[in-house]
Amino acid sequence: MPTRRTVLKTGLAAAGSSAFTAAALTPTLLRRSEPATTTAAATTTAKFTTPMPIPPVLTPYSTSGGIDRYRITTQPAQAEILPGIMSDVLTYGGHFPGPVIRARSGRPVKVLHTNNTDMGTSVHLHGASVTPANDGSPMDPIEPGQSRLYTYPNNQPHASLWFHDHVHHMESEHVYRGLSGTYLLTDDIEAALPLPAGQYDIPISLRDADIDDTGRLNYTMLDFPHRTTLLANGRAYPYLQVAARKYRLRLLNNSNLRFFKLRLADGSDMIQIGSDGGLLPAPHPTDTIALSPAERADIVIDFARYPVGTQLVLENTLLNGGPADSLGQVLRFDIVRQETDPSTIPATLRTLPPLPQPTVQRTVVLSLEETGLPDAKGTINGKVYDPDRIDTKIRYGASEVWTVTNPNRFSPHNLHLHLIQFRILERNGQPPTPAESGLKDTVAVQPGETVKLQATFDTYKGTYLYHCHLLDHSAMGMMAQYKVS
Ligand code: C2O
Ligand code: CU
Ligand code: CU
């Protein structure tokens, strides 16, 4: 069985890039490079003093032939994560987090990505059904100074997707430093609903960071305890001014390791209308939204129930033993004006196709060596990721039930499958909650849990990844490949 180091070497050899040097990897793997004189920003940053940025929606440079074409450059930039302090980050087009692409089912998108960093990159559209060549392979990077055209056919229903770096072993640090953007795919079914739209439909990317009071963003693999500053759309503890009406918020957990449990400070309901793969069958009122890394929740909050002048904090109740003053609060909604609200939430949002009869059963065991050391290995079914190995062979068109377990004592995991959206059949023997009853591409698996999901492989043939989306874990080897043929 290959060790992580041999896997890493394989990766370096296959990448054939001088950008993948030991020097480039060393600081992230071996030490925290934080001067002793700085303090974690989480303890000093004043909360709710700056507005939450809203990432720009990109305009295609061409729409001819029924194809929307974009250009995006991956580049270093500076971002104001802490009020008045600039931080070095990696960006898609200078934006931290990246920009928004709005697409429509049946209308292809082509994005020419240019890599203006000094390391290899690879762009993956998470949750999308694309051919293997356009899936952002970890082993096939865009070299520094080079460009690559990615084609997204959008032959799938509406969904709140996102794109991020996936280059082998560095995906975790690259995403942490900012290589993440939003891709909102709509279709006729979704567009016909009277949901909040336009400026009342806001993507919010939530994450943690280890950032000191000079603005330095520190990355050390698996260093969860120091990532105690929470960011909403790239800003630490911002406020968002809203009208007293309904808003649709597309939440993404953009953390590498942190799970969130979100609630409004007054304990009142949010209405969850969607998850990873688009709308739920019916709206789900809930006081808690749970998100593991890469999961999305599409929610509606009706601020009309609050008088103008109200300030309402979005809280996180999952502290994992960390400091409540920095991990317990995320973002503040300031209700600043009255407005009429033509939007409504229909009682039925969509009808999901019936599940086919499954023909194959498999088990997937997600495990991490719980040594606490950065060279611990992550495995799937006991094996570290090997790009030269096919772990699972799938017959084209097959519908399969995967039973996913996490035997770890402490470490939560999740499972993400490329290419397809799946359905959750059971969690610990119980039917899925409403929040997990829609289409999913990522599912949380806590220590000791068992999740059954059903996936149907009837879109493209070829080799695709499945992995834990705690990106530090996938970078440590908790990743595998299936081949549809
Ligand atoms: Cu979000 Cu392998 O991806
Ligand atoms: Cu993915
Ligand atoms: Cu994991």
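Residues numbered from 1 in each chain as written. Chains lettered and ligands numbered in written order. Predicted model: local features only at pLDDT ≥ 70, side-chain atom pairs only at ≥ 80, totals over all residues. Heavy atoms only, no water.

1. Looking at the coordination of the copper ion (ligand 2)
Protein-derived coordination of the copper ion (ligand 2) comes from His124 (NE2) and His416 (NE2), at a distance range of 1.9 Å. Here His124 is found in strand β5 (residues 123-126), whereas its partner His416 is found in strand β26 (residues 413-417), with 292 residues between them in sequence. By relative accessible area, which is 0% here, His416 ends up buried. (Donors = N, O, S within 2.8 Å, 3.2 Å for Na, K, Ca; no water. Helix = DSSP H or I, 4+ residues; strand = E, 2+ residues; numbered from the N terminus. Buried < 20%, exposed > 50% of the residue type's maximum accessible area, 1.4 Å probe, protein only.)

2. Examining the sheet that holds strand β18 (residues 289-291)
Taken in spatial order, the five strands of this open sheet run β13-β21-β20-β15-β18, and their pairing is mixed. The open sheet has two free edges, formed respectively by β13 (239-244) and β18, since each of these has just one partner strand. Across the sheet, the axes of successive neighbouring strands diverge by a mean angle of 25°, strand direction being ignored. (Pairing = 2+ DSSP bridges. Axes fitted to C-alpha atoms, helices over the stretch in contact; angles between N-to-C directions.)

3. Things to note about the sheet that holds strand β30 (residues 462-467)
Taking strand neighbours across the sheet as the criterion, the five strands line up as β24-β31-β30-β26-β28 in an open arrangement whose pairing is mixed. Bordering the open sheet on either side are β24 (392-394) and β28 (442-445), each of which pairs with just one other strand. The mean angle between the axes of side-by-side strands here comes to 25°, regardless of whether they run parallel or antiparallel. As paired strands, β30 and strand β31 (residues 479-484) are joined by six bridges and run antiparallel to one another. The residue bridging Thr463 from the neighbouring strand is Lys483, located in β31.

4. Re the coordination of the copper ion (ligand 3)
Note on metal geometry: ideal angles are 109.5 degrees for four donors arranged tetrahedrally and 90 or 180 degrees for six donors arranged octahedrally. Coordination sphere of the copper ion (ligand 3), protein contribution only: His413 (ND1), Cys468 (SG) and His473 (ND1), at 2.0 to 2.2 Å. Sequence spacing of the donors to the copper ion (ligand 3): H-x54-C-x4-H. Within this pair, whereas His413 is found in strand β26, its partner His473 is found in helix α6 (residues 471-475), the two being separated by 60 residues in sequence. Summarising the burial analysis for this pair, His413 and His473 share the class buried.

5. Some remarks on unusual backbone geometry
Between Phe96 and Pro97 the backbone carries a cis peptide bond, its omega angle lying at -5°. With a phi close to 85°, Ala294 is a non-glycine residue in the positive phi region. As for its position among the elements, Ala294 is in the loop between β18 and β19 (296-302). Residue Ala294 is classed as buried on the basis of its relative accessible area of 1%. In this structure, Asn428 is a non-glycine residue whose phi angle is positive, near 55°.

6. Observations concerning the packing of aromatic side chains
Going through the model one piece at a time under the given rule, you end up with 13 aromatic pairs. Relative to Phe333, the ring of Phe303 has its centre 5.0 Å away and its plane inclined at 50°; by these criteria the two rings are tilted. Here Phe303 is found in the loop between β19 and β20 (311-316), whereas its partner Phe333 is found in strand β21 (residues 329-338), with 30 residues between them in sequence. Here Phe303 and Phe333 have matching classes, each one buried. In this structure an aromatic cluster arises from ring pairing among Trp402, Phe457, Tyr464, Tyr466 and Tyr482. In this structure, Lys47 packs its charged tip against the face of Tyr237, placed 4.7 Å from the ring centre. In this arrangement the basic side chain of Arg207 is found over the ring face of Tyr176, its NZ or CZ atom lying 4.9 Å from the centre. (Phe/Tyr/Trp six-rings, centres within 6.5 Å; stacked < 30°, edge-to-face > 60°. Lys NZ or Arg CZ within 6 Å of the ring centre and 35° of its normal.)

7. A short note on the pattern of salt bridges
Within the structure shown, the criterion is met by 25 salt bridges. The salt bridge involving Asp188 is made with Arg104; its shortest N-O contact spans 2.8 Å. Remark: Arg104 occurs in strand β3 (residues 100-104) and Asp188 occurs in helix α4 (residues 188-191); sequence separation between them is 84 residues. (Salt bridge = Lys/Arg side-chain N within 4 Å of Asp/Glu carboxyl O.)

8. Overview of empty space enclosed by the protein
Scanning all chains against the criterion turns up three cavities of 30 Å³ or more. For the largest cavity, the calculated volume is near 80 Å³. As for the largest cavity, its lining consists of Ser160, Leu161, Trp162, Thr182, Leu184, Pro203, Ile204, Ser205, Arg250, Leu251, Leu252 and Arg296. Contributing elements (two or more residues each) for the lining of the largest cavity: β7 (159-165), β8 (180-186), β9 (201-211) and β14 (246-253). In the lining of the largest cavity, the residues fall into seven nonpolar, three polar and two charged. Looking at the lining of the largest cavity, you find at least three residues from each of domain 2 (52-191) and domain 3 (198-338). (1 Å grid on protein atoms, 1.4 Å probe; cavity = no way out; pocket = protein on both sides within 12 Å on 5 of 7 lines; lining within 4 Å. Points joined across faces, edges and corners; volume = space filled by probe spheres on them. Nonpolar A, V, L, I, M, F, W, Y, C, P; charged D, E, K, R; others polar. Domains from an automatic or database assignment.)

9. A short note on the domain arrangement of the protein chain
Splitting the protein chain by domain gives domain 1 (4-29 + 351-484), domain 2 (52-191) and domain 3 (198-338). Between domain 2 and domain 3, the contact holds 34 residues from the first and 41 residues from the second. Note on domain 2 versus domain 3: buried area summed over both sides is about 3,100 Å², and carbon and sulfur give 58% of it. Where domain 2 touches domain 3, the interface holds two salt bridges. Across the salt bridge formed by Arg248 and Glu190, the nearest N and O atoms sit 2.6 Å from each other. Taken together, the elements giving at least two residues each to the side of domain 2 that touches domain 3 come down to β1 (68-82), β2 (85-92), β3, β7, α3 (171-176) and β8. The element best represented in the side of domain 2 that touches domain 3 is β2, accounting for five residues. Its residues assigned to classes, the side of domain 2 that touches domain 3 comprises 18 nonpolar, ten polar and six charged. (Contact = heavy atoms within 4.5 Å. Buried area = accessible area lost by both parts, 1.4 Å probe.)

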